[in-house]
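Structural characterization, general
Each chain, letter by letter, is given below.
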Amino acid sequence: MRDALKWIVLGGLFLLPFVPLIVTGSLFFSYITGKNFAFRIIVEVIFAAWVLLALYDVQYRPRVSWIFASLASFVGVIFLADLFGETPAKSFWSNFERMEGWVTLIHLLLYFIVAGSMLTTEKMWTYFLNTCLISASITSLVGLGQVVGFISIAQSGVRIEAWLGNAIYMAAYMLFSVFIALLMLARSARASLRALYGALALVFMFLLVQTGTRGAFIGLVGGLFVTAAYSACFVRDNAIARKIAIGAVALVLIASGGFYAVRNTAFVQKSPIWSRIASISLEEGKTRFTIWSMALKGVRERPILGWGQNNFDYVFDAQYE
């Protein structure tokens, strides 16, 4: 019985990274609802199996940590914020287009508890992160198919979204995948694996750029710079890694400066993707800054628990500029 429960939990955990591949054309918001329903069902199954497993064997029981306490506290505070917010039902359940709400938060907390209790060794995490990269690689094949025109882009235009339905979602997914690949590259001792992880990281970066998502692009450049700078400053026991990190810092600075220098050239301006990235500026952020100022007025009105999830439209309408 214990072994069966263990494999149910582990099977579900290693199935979850493939949720981004789900598209359900028979449901509202086919790129959203199917993924979320699958995620919730799998989490509920593995959590129930994990509870029974933890009763059988103490080694699978959760360990208290500051990360767990912080996450649990956050979910608890959001519960109160939703309960006393503008529209509790909307805050708890969200809608089919977003499928966020407190229901998703509690499922994420359950997922965290199960993963933290089961993935407790470096070997297990290596398997899990490689599984995440396999799923991301499949998504990347779809994205590459959209880049070359073999697969249509659902949003129309040129900003790829693979099977995620939104270029911004694709960009965020690729951003995480880039750094997972780089982490595995840094931890691998085999040259062939390092080459593979490096190639995957480059493909993920390329596809992130092809989404035309400026925020994710800034996150990529900033993340690469901070990671390289940190490694250059604090990696003391590996001279080669430190030299690579210093080179990476220089490369990021040179590439960023070079792109800034050619941002107004015909080549950049004629490209729908590169011209969009080249338009990054404080002036382009004016609309967002205005919305942030409206949000701050909402914060002043309800400074403790706020308005509850999915209720920003009330603040937006009341404070509209």
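Scroll up a little and you will see the structure.
This report concerns the structure included in the present document. (Residues numbered from 1 in each chain as written. Predicted model: local features only at pLDDT ≥ 70, side-chain atom pairs only at ≥ 80, totals over all residues. Heavy atoms only, no water.)

Looking now at the overall build of the chain. Along the backbone of the chain there are 14 helices and zero strands. For the chain, the α and β elements follow one another from N to C terminus as α-α-α-α-α-α-α-α-α-α-α-α-α-α. Taken along the three principal axes of its C-alpha coordinates, the chain extends 65 × 60 × 45 Å. Restricting to contacts in the chain with at least 6 residues of sequence separation, those with at least 24 account for 66%. Split by element, the accessible area of the chain, about 18700 Å² in all, is 69% carbon and sulfur. Between the mean site of the 25 positive side-chain charges and the mean site of the 16 negative ones, the chain shows a separation of 11 Å. (Helix = DSSP H or I, 4+ residues; strand = E, 2+ residues; numbered from the N terminus. Contact = heavy atoms within 4.5 Å. Areas by Shrake-Rupley, 256 points an atom, 1.4 Å probe, with all protein chains shown as cover. Lys, Arg positive; Asp, Glu negative; His and termini not counted. Charge placed at Lys NZ, Arg CZ, Asp CG, Glu CD.)

Turning our eyes to something else, we now look at the side chain of His107. By secondary structure assignment, the location of His107 is in helix H5 (residues 101–118). Judged by relative accessible area, His107 falls into the buried class, the value being 8%. Setting aside its immediate chain neighbours within four residues, His107 contacts Phe39, Arg40, Val43 and Glu44. (Buried < 20%, exposed > 50% of the residue type's maximum accessible area, 1.4 Å probe, protein only.)

Here the focus is a nonpolar patch on the surface. A contiguous nonpolar surface patch, about 780 Å² in accessible area, is contributed by Ile8, Leu27, Phe28, Phe29, Phe37, Ile41, Val45 and Phe96. Ranked by residue count, the leading element in the nonpolar patch is helix H2 (residues 33–56), at three residues. Secondary-structure assignment places Leu27 in the loop between helix H1 (2–15) and H2. Note on Leu27: relative accessible area 37%, which makes it partly exposed. (Patch = residues over 30% accessible without salt bridge, like charges linked within 9 Å, V, L, I, M, F, W, Y side chains within 5 Å. Salt bridge = Lys/Arg side-chain N within 4 Å of Asp/Glu carboxyl O.)

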